[in-house]
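Here are the chains, one letter per residue:
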Amino acid sequence: MSSLFLKKTSSLNLWHTLLSCSFQQIFIVCNTLLLFNSNTLVAQEFLEKTEVVTEHGSQTSALASTEQGLRNVNNNQEVAETQRSNPNFVPDDEYLIKTSDSLTGLGTDTSIAQALVEKREDTTDSILETLQSAELESNSGEDALNQVTNVSQLRDVSPGDWAYEALRSLVERYGCIAGYPDGTYRGNRAMTRYEFAAGVNSCLQQIERLIGTSTESFVTQQDLETLQRLVDEFRTEITALGTRVDQLEGRVAFLEDHQFSTTTKLNGEAIFAIADVFGNEKPGGSDLEVNTILANRTRLNFDTTFTGKDRLRVRLQARNITPFNTATDTNMTRLSFDGNNDNNVEIDDLYYQFPLTKQTLVSLIANAYGSENLANPLNPLLQSDATGSISRFGRFHSIYRLAEGTGIGITQKFGDALSLSLAYRATNGSNPNEKAGLFDGQSGAMAQLTFQPSPALSVGLTYVNYYAPGNNVNTTGSIGSAFASRPFNRVATLAQAYGLETSWRISPKFTVSGWAGYTYAQALSGPNQGSHADIWNWAVTLGFPDLGKKGSLFGVVVGMPPKVTDNTFSSRENRNTSYHIEAFYRYRLTTNIDITPGFFVILNPEHDHRNDALWVGTLRTTFRF
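Residues numbered from 1 in each chain as written. Predicted model: local features only at pLDDT ≥ 70, side-chain atom pairs only at ≥ 80, totals over all residues. Heavy atoms only, no water.

S.K.: Looking at this structure, I do not really get the overall build of the protein. What am I missing?
M.R.: Looking only at helices and strands, one finds 15 helices and 21 strands in the protein. Scored against the burial criterion, the 625 residues of the protein give a buried share of 45%. Across the protein, every contact between residues at least 6 apart in sequence was considered, and the portion connecting residues at least 24 apart equals 64%. A total accessible area of about 32,100 Å² is found for the protein, and carbon and sulfur atoms account for 55% of it. (Helix = DSSP H or I, 4+ residues; strand = E, 2+ residues; numbered from the N terminus. Buried < 20%, exposed > 50% of the residue type's maximum accessible area, 1.4 Å probe, protein only. Contact = heavy atoms within 4.5 Å. Areas by Shrake-Rupley, 256 points an atom, 1.4 Å probe, with all protein chains shown as cover.)

S.K.: What is the right way to read the pattern of salt bridges from this model?
M.R.: Once the charged atoms of two side chains with opposite charge are near each other, the side chains can pair. Applying the stated criterion to the full structure yields 19 salt bridges. Among the ionic pairs, D348 bridges to R299, the shortest N-O distance being 3.9 Å. In this pair, D348 sits in strand 9 (residues 346-357) while R299 sits in strand 6 (residues 293-304), placing the two residues 49 residues apart along the sequence. Here D348 falls in the buried class, since its relative accessible area comes to 13%. Here D349 and R315 are joined by a salt bridge, their closest N and O atoms 3.1 Å apart. Of this pair, D349 sits in strand 9 while R315 sits in strand 7 (residues 311-321), placing them 34 residues apart in sequence. One continuous salt-bridge network, built from bridges that share partners, spans E269, R297, R299, R315, D348, D349 and D385. (Salt bridge = Lys/Arg side-chain N within 4 Å of Asp/Glu carboxyl O.)

S.K.: Help me understand the packing of aromatic side chains in this model?
M.R.: Aromatic ring pairs are described here by two measures, namely the spacing of the ring centres and the angle between the planes. Overall, the coordinates contain 14 aromatic pairs when judged by the stated rule. Linked through ring pairs, Y463, Y498, Y518 and W536 together constitute an aromatic cluster. (Phe/Tyr/Trp six-rings, centres within 6.5 Å; stacked < 30°, edge-to-face > 60°.)

S.K.: Got a minute to help me understand a nonpolar patch on the surface in this structure?
M.R.: On the surface, W538, V540, V558, Y579, I581 and L603 cluster together to form a nonpolar patch covering roughly 440 Å² of accessible area. Of all the elements in the fold, those that place two or more residues in the nonpolar patch are strand 17 (532-545) and strand 19 (579-590). (Patch = residues over 30% accessible without salt bridge, like charges linked within 9 Å, V, L, I, M, F, W, Y side chains within 5 Å.)

S.K.: Help me understand the pairing of strand 21 (residues 614-624), please; the structure alone is not making it clear to me.
M.R.: Taken residue by residue, a regular strand's side chains alternate between the two faces of the sheet. With 10 bridges joining them, strand 5 (residues 264-278) and strand 21 adopt antiparallel strand pairing. Residue pairing for strand 21: F272 is matched across the bridge by T621. Direction of pairing for strand 20 (residues 593-603) relative to strand 21: antiparallel, over a ladder of 10 bridges. Its bridge partner lying in strand 21, I595 is registered against T621. (Pairing = 2+ DSSP bridges.)

S.K.: I keep staring at empty space enclosed by the protein and nothing clicks. Help me out?
M.R.: The rolling of a water-molecule-sized probe over the atoms marks out the regions of remaining empty space. For the coordinates displayed, the defined rule picks out 5 cavities of 30 Å³ or more. The calculated volume of the second largest cavity comes to roughly 70 Å³. Forming the walls of the second largest cavity are 14 residues, and the residues nearest its centre are S398, I399, T475, T519 and N537. Elements supplying a minimum of two residues to the lining of the second largest cavity: strand 15 (493-507), strand 16 (510-523) and strand 17. Among the elements that line the lining of the second largest cavity, the one with the most residues is strand 16, at 3 residues. The residue makeup of the lining of the second largest cavity, split by class, is 7 nonpolar, 7 polar and no charged. (1 Å grid on protein atoms, 1.4 Å probe; cavity = no way out; pocket = protein on both sides within 12 Å on 5 of 7 lines; lining within 4 Å. Points joined across faces, edges and corners; volume = space filled by probe spheres on them. Nonpolar A, V, L, I, M, F, W, Y, C, P; charged D, E, K, R; others polar.)

S.K.: Would you explain the environment of S261 in this entry?
M.R.: Take S261: it is sitting in the loop between helix 12 (235-258) and strand 5. C-alpha of S261 to C-alpha of T304: the two residues are 43 residues apart in sequence and 8.9 Å apart in space. A polar contact of 3.1 Å, which involves the side chain of S261, links it to the backbone nitrogen of T263. Among the polar contacts made by the side chain of S261, one reaches the main-chain amide nitrogen of T264 at a distance of 3.2 Å. (Polar contact = N/O pair within 3.5 Å; in protein donor to acceptor, adjacent residues only side chain to side chain.)

Laid out in structure tokens, this is it:
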């Protein structure tokens, strides 16, 4: 240590003086020493050759006088000129006396100035011994401090702490921060004056070393000239960049002032599709008369969050894609994205989701929002009607379509591998009339247990209790044969549906999924009250993601649409078997545009071998924004 402020009586008396000073006074001294770093040579020689000693008077006045004197020396023009002309300049006694005079002129006692020449390194050695003794005393015992080289070594210091950056700077730039043996810093703990003195001593020693070596890395006049030349050369570009930054700041401010909402995000989707059905006859033998169509569907989703974890969705929808079953007399020919409201804007999805706990998600559904969104249907690549299967049958198991309308859904996770989804929904839940409402009209109660032993393999077991009071019976969700949808015609029907779903990602480029389902239906009214029927269905889907181009998908679906295999109302039992075979290729044109050509064929439509095969082809273009 080269420069300290002591009483001339002894170094120990100085130490006593330092310890009795206030923290503010000591920081004044430290700040003065740090100011020397901007004028390295003068500070270094002054520290090595001088020792300011306070003869009489208060400690406060001595510290203040010394600080002002050092500032004057640091700013002395003559010293600055000498430094630039001679890097090896060494101040002689005459120079020191001049410096002493400058301090004396500022009001410092004459004896202080004389001490600049008389004092030598013996006093410095005495101070160092005193400080080292204090440091050893503060580090003794079980709470001894250990030097750290990285702030991350202090396990109770985190980036969120208000003093984190200050600690990091002291550790990485000066290396003068110590921690306790247990790896903690204990920043909220009160320190002793010995500990403070030891810390100041460590930092001052490091500053002295930096002062002694920093002249080698000082910026030279040549460096400054080079920097100025670069600034002049790229002045136009720098000015243009500043202008662009100003413009961007203005645009950001404008957008913030005119944004739609701070809590709501808008996203949309539009589908344009060309489609047609080919075949000789409709089921039943009449001529098939279907024209090629060009139709569309547009959706705007408004997603609002109030907590950052919940979601309120309001979807506006307009479409004019007429379902092909109106022309073919069978639901088996329906497209996945069909529906027609003459392009009138209407509310589709309307629901609110929120986490009840970290493992529990609650969904309140006011309109639409299929139950395949409440319980995972395990057909990940083909589930979407906009980017997945082109057929209604190929998207997911028809069991999920038995629970639709107003209601509530709850999903409870039991770790990462197991989850339970429950839902109750009423198709006419908003209608207060007889055979309607939440509990008297058409409804479905669903439960699904999903098991995922690995990220690549999932298995689901699904159950739905379905009830329809009469006219609107539909036990297949408008997918299977007419007999399967209304096994007893238009009478009150109760159905117990069971499903098994699975999906296995064999490799990143190949996924196989599928399902099988059984429904036991009973007639609750009408002339065939008490009758019962068995309804079966199954499907296997293959997905080849990123085939040909990243984001693209080749999909295949093979299966049997819902079929009545046994019915005590024998006239509504299917005698043969229909097969659904589908292939499509979704080509990712851009991040927001997909083009999907595809077809599917229905063999033995309506599970009747007398019916000619029906072919459905489409070219679907999907825009996302």
